[in-house]
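Below, each chain spelled out in residue letters.
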Amino acid sequence: MAKTADDYFKLDPWKIVEEGFNPGYERVSESIFSLGNEYMGVRGYFEEGTSGDSLLGSYFNGIYEFSRKEALSHYKGIVTKPHFMLNAVNWLDTAIWLDDERLDMNTADVKAFYRELDLRTGVLTRSFIWTTKTKKQVKIIFERFLHMEKSTNGYQKISFEPLNFSGDIQVQTGIDFNTKHGEEPISFWEEQQKGELEELEALAIVGQTVTTKQQIFSGFHLVINQDYKKKRIEAEKKIGYSLVVPLTQNRETIIEKLVVNVIKKEEVSKDVLWLEGTKALADSVSLGYEQAQKEQQDYWAYIWDQFDIQIEGDEKNQQGIRFCIFQLQQTYHGQNPSNNIGAKGLTGEAYSGHAFWDTETCCLPYYLFNNPKAAKNLLEFRYSTLDAARSRAQDLDCRGACYPIATLNGEEACDLWQHASTQFQPSTGVAYGIWHYVHLTDDQAFLYGHGIEMLVEISRFLESRGDWSQLTKKFGFYGVMGPDEFQVMVNHNAYTNYMAQQTFDYTIKVLERMSVAMPEQLEQLMTRTGLSEEEWNNWQHCAEETLFFEREDGVIEQHEGYFDLPHIDIDNIPISDFPLYSHWSYDRIYRNDMIKQPDVLMFQFLYNQRFSKDSKQANYDYYEPRTIHESSLSPSIHSVLAAELGKFDEAFDFFSFATRMDLDNYNRNTNEGLHTTSIAAAWMNIVYGFGGLRSDGEQLVLNPVVPKQWTGYSFRIEYRNRIIEVKTSTTTVALRIVKGDSILLSIYGEERLIDGKGSELSTPEEWQLQRS
Ligand code: BGC
């Protein structure tokens, strides 16, 4: 893979550090320094404004609007009005003047610029010395953080220390709903109400989206450690104070801004919201800045204690994996089932904030093994959008429920028909997610309640969308696109066929169990969903007769006719042609055997233990050389399989992009936001890849191997009320139950009982890599 690292940020095991201001890199830095707490996210933009290149991005999970661009198609089933995550209120809004000169990082004389994100506290700081045209020098430090648990709360602190003068500084601080959406630069916000909350010495404003009628109350209270003068300022969609603060040479003046943002995804009366916002702001004021910061530190201390992955002998990947865990945790931790994980999290507008099949296939394992409640909430999100999926199935002239390829609110938002109308991996992904979640947690209540209802509707959709071959009399899917998005409108895509077959099988198994153990509940389900025995038998028939093309050497054909496609040698594609979507005509991408991302290998990864090593080997050896890994999800999946097949160098090569995809800007598009779902794949890359975890069998399997570049690593996983610790060195593996009961695990092919005392095993020779 032709990718190079920018090596821009400083190496540090616990911090992301930028030394010196580089205006040309600002958008990348803004993405890297994004903060989030699942409820809201804010890019690392300069709150005082800049005339330089910047995306002032402030986003809220589930706050969206519809595009105003002209509808392009009248064909049925094609999305004409996509929705997108909307850039929202600028609650950090600030402006600073000294002697009539406004601070603008892009033009100001600034020295000693230093920006740091501390992963142990979630606090972002930026400091520098500003010399004005009148030669005054002032040291300025900005600090901000979002409370991870009291998720409406945001905090900003600005400190000024004059180095060679005493005198006034003028600061404007407030809340601004005039934010333009980056992709469609018009304002989608209207002002509903604004004013002073006298008893709190605070200002607040309520903004509402023009078409979706969602609302945000945003209010703030200031604490300043000395006397100052203030004047209220108001403009359209904006409220704030203009402050005049007298500074004293070599003394620090600190302005703390305590902000509360209360969102309403469904419209409520503005009086109700005003009251709720006022109450939340009162709570925040009584908590205070320092106490909030202390709570924040405690939160992250707990997270690192539970979820940290320690890597010995590799500072780069150590920093990389901690950055991944930090960003995942910030983006989603199961606070609210109406939230999901966008491909870019809450860090930018690319992919419009949408959640994809990435959630169930790449992100879910992180939560399954760290925070099962969050895993459940991700599935509850799909349940809460089941009606939208039902209606999408109807748009496609099918029955049941078809989950969207890209969404925020459950409706399909992808306006590329060849994806939205022909990719069914979100639907089979939801079924897979239900199976994986229940398999690991044994949450029967979920399975026999929301889980089975989704399974029935997905199976129903798959049966109605699938078809029967005239020649072979076999079942499968026609005119589809599998995970490999370089093959459009193909028949019998192996991934789609296989995942549908598994969905039918699992749905039937659950229904059969219900018929024995809970006939009444089954009857209610059948009445509620209109399920008949005939339909259920049809699914059985479809599953039994699903078509696959497998060669004698075990290679499964990616789709009917794939083996006949013209071959291109991907190693001969010039680096300058990448990304291909921008350099090759769209249809040219579809006319050969080049693969974007794992397809056959993807289902061999998901249902790993159902395939023999020989089958995985044959398919890996055939498909990997044809894959260009244009999707950032691709390298990690290949790395996990390569490690399993003993191709450790290859596994490490693929892995080198995983943890630092964004920190090193490998894909040259971190400026648009982080690759949040790839970040989850990076976690899998270590735990499933080098740790050898397999979670699709009866027992958890671990086959840890330490890459040559490392001297050891350790991680913890949560499993059925236990915490299991895995610590490796080049020659040993130590396993211990940190919390909960002992457990039987399969380690290097042998069953072992692991308990609280722990066991240390010698790594078998075939799992020890030669080190130079
Ligand atoms: C990949 C999809 C993925 C999407 C969002 C695309 O480039 O091909 O599989 O769902 O990105 O991450």
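Quick look at the structure, then.

Rules and cut-offs
- Residues numbered from 1 in each chain as written.
- Predicted model: local features only at pLDDT ≥ 70, side-chain atom pairs only at ≥ 80, totals over all residues.
- Heavy atoms only, no water.
- Helix = DSSP H or I, 4+ residues; strand = E, 2+ residues; numbered from the N terminus.
- Rg over C-alpha atoms; globule rule 2.2 N^0.38 Å.
- Buried < 20%, exposed > 50% of the residue type's maximum accessible area, 1.4 Å probe, protein only.
- Contact = heavy atoms within 4.5 Å.
- Arc of directions from axis to C-beta.
- Axes fitted to C-alpha atoms, helices over the stretch in contact; angles between N-to-C directions.
- Parallel < 35°, antiparallel > 145°, perpendicular 65-115°, else oblique.
- Left-handed = near helix turned anticlockwise from the far one by under 90°.
- Nonpolar A, V, L, I, M, F, W, Y, C, P; charged D, E, K, R; others polar.
- Pairing = 2+ DSSP bridges.
- Near = heavy atom within 4 Å.
- Polar contact = N/O pair within 3.5 Å; in protein donor to acceptor, adjacent residues only side chain to side chain.
- Areas by Shrake-Rupley, 256 points an atom, 1.4 Å probe, with all protein chains shown as cover.
- Patch = residues over 30% accessible without salt bridge, like charges linked within 9 Å, V, L, I, M, F, W, Y side chains within 5 Å.
- Salt bridge = Lys/Arg side-chain N within 4 Å of Asp/Glu carboxyl O.
- Expected span 1.5 Å × (residues − 1).
- Core = buried A, V, L, I, M, F, W, Y, C linked by side-chain atoms within 4.5 Å.

1. Thoughts on the overall build of the protein chain
- Assigned secondary structure in the protein chain consists of 20 helices and 29 strands.
- Computed over C-alpha atoms, the radius of gyration of the protein chain comes to 27 Å, within 12% of the 28 Å expected from 2.2 N^0.38 for 772 residues, which places it in the range of a compact globule.
- A buried classification covers 63% of the 772 residues belonging to the protein chain.
- Long-range pairs, those at least 24 residues apart, make up 68% of the contacts in the protein chain with a sequence separation of at least 6.

2. Some points on helix α7 (residues 386–395)
- Turning to α7, its buried residues are L386, A389, R392 and A393. Buried residues along α7 cover an arc of 115 degrees about the axis, so they all sit on one side. Seen from the open side of α7, the exposed residues pointing more than 90 degrees away from its buried face are D387 and Q394.
- Lining the buried residues of α7 we find α6 (372–384), α8 (417–420) and α10 (444–465).
- One or two steps after α7, the chain reaches D397, where phi turns positive at roughly 60 degrees.

3. As for the packing of helix α4 (residues 315–331) against helix α20 (residues 676–690)
- Running from N to C, α4 and α20 cross one another at 130 degrees; their axes reach a closest spacing of 9 Å. In terms of axis orientation, α4 runs oblique to α20. Crossing hand, α4 versus α20: left-handed. Residue-level contacts link I321, C324, I325, Q327, L328 and T331 of α4 to T676, I679, A680, A682, W683 and I686 of α20.
- Each residue belonging to the contact of α4 with α20 can be placed in one class, and the counts come to nine nonpolar, three polar and no charged.

4. A word on the sheet that holds strand β25 (residues 722–729)
- Taken together, five strands build an open sheet; the order of strands is β20-β24-β25-β26-β29 and the sheet is antiparallel. Here the strands that pair on one side only, and so sit at the sheet edges, are β20 (310–312) and β29 (759–762). Geometrically, the sheet is characterised by an average inter-axis angle of 15 degrees between neighbouring strands, direction not taken into account.
- As paired strands, β25 and strand β26 (residues 732–739) are joined by six bridges and run antiparallel to one another. By the bridge assignment, T728 is partnered in β26 with V733.
- Most of the contacts of α20 go to strand β24 (residues 712–719), to which it runs at about 95 degrees, and overall it touches β20 and β24.

5. Quick look at the sheet that holds strand β18 (residues 238–247)
- The strand order β8-β7-β13-β18-β17 describes an open sheet built from five strands, whose pairing is antiparallel. A strand with exactly one partner marks an edge of an open sheet, and here the two such strands are β8 (101–102) and β17 (229–235).
- Note: strand β7 (residues 94–98) against strand β13 (residues 167–176), four bridges, orientation antiparallel. By the bridge assignment for β13, W97 is matched with Q170.

6. A few points about the site of the ligand
- Lining the immediate surroundings of the ligand are A343, Y351, F356, W357, D358, E485, K596, Q597, S631 and T677.
- Between the ligand and K596 there is a distance of 2.9 Å, counted from an oxygen atom to a side-chain nitrogen or oxygen.
- Considered on its own, the ligand offers 310 Å² of accessible surface; in the complex 92% of this is hidden by protein.
- Split by residue class, the shell around the ligand holds four nonpolar, three polar and three charged.

7. A look at a nonpolar patch on the surface
- On the surface, L416, Y581 and Y586 cluster together to form a nonpolar patch covering roughly 250 Å² of accessible area.
- Structurally, L416 is set in the loop between α7 and α8.

8. Things to note about the side chain of N261
- Tracing the backbone shows N261 in strand β19 (residues 253–264).
- Those residues in contact with N261 that sit more than four places away from it in its chain are Y39, M40, F60, V89, W91, T152, I216, F217 and S218.

9. Describing the pattern of salt bridges
- Per the stated rule, a full pass over the model turns up 48 salt bridges.
- With a shortest N-O distance of 3.3 Å, R460 and E457 are connected by a salt bridge. Residue R460 and its partner E457 are located together in helix α10, separated by three residues, close to a single helical turn.
- Residue classification places E457 among the buried positions, given a relative accessible area of 5%.
- Across the pair R626 and D593 runs a salt bridge, and its minimum N-O distance is 3.2 Å.

10. Section: helix α11 (residues 494–517)
- Here α11 spans 34 Å end to end across 24 residues, near enough to the 34 Å set by a 1.5 Å rise per residue.
- Counting buried positions over the 24 residues of α11 gives 17, a clear majority of the element.

11. Here we look at unusual backbone geometry
- The amide bond that connects F578 to the next residue, P579, takes the cis arrangement and shows omega of -5 degrees.
- As for its placement among the helices and strands, P579 is situated in the loop between α13 (533–544) and α14 (580–583).
- You will see that D7, though not glycine, has its phi angle at about 50 degrees, which is positive.
- Take D7: it is sitting in the segment before β1 (15–19).
- For K237, which is not glycine, the phi dihedral falls at a positive 60 degrees.
- As for its placement among the helices and strands, K237 is situated in the loop between β17 and β18.
- Taking the relative accessible area as the measure of exposure, K237 reaches 12% and is therefore buried.

12. What to know about the environment of Y607
- As for its placement among the helices and strands, Y607 is situated in the loop between α16 (600–606) and α17 (613–623).
- For the pair Y607 and S695, spaced 88 residues apart in the sequence, the C-alpha separation amounts to 9.1 Å.
- Apart from residues lying up to four places away in sequence, Y607 is in contact with Y432, W435, Y498, M499, Q502 and D696.

13. Quick word on the packing of helix α5 (residues 358–368) against helix α9 (residues 425–441)
- Packing of α5 against α9 leaves a shortest axis separation of 10 Å and a crossing angle of 20 degrees. When the axes of α5 and α9 are compared, the pair comes out roughly parallel. Crossing angle aside, the handedness with which α5 passes α9 is right-handed. Within the contact between the two elements, α5 uses E360, L364, P365 and L368 and α9 uses G429, V430, Y432, G433, H436, Y437 and L440.
- Considered class by class, the residues forming the contact of α5 with α9 number seven nonpolar, three polar and one charged.

14. Examining the nonpolar core
- In terms of nonpolar packing, the biggest core is built from 221 residues, with F160, Y367, F369, I434 and W683 touching the most fellow members.
- Looking at this core element by element, the count peaks at 11 residues for α11.
- When neighbours within four sequence positions are excluded, F160 is seen to be in contact with I96, V138, K139, I140, I169, V171, L247, R251, E252, T253 and I255.
- Among the nonpolar cores identified, the runner-up in size contains eight residues, and I570, I573, I589 and I628 belong to it.

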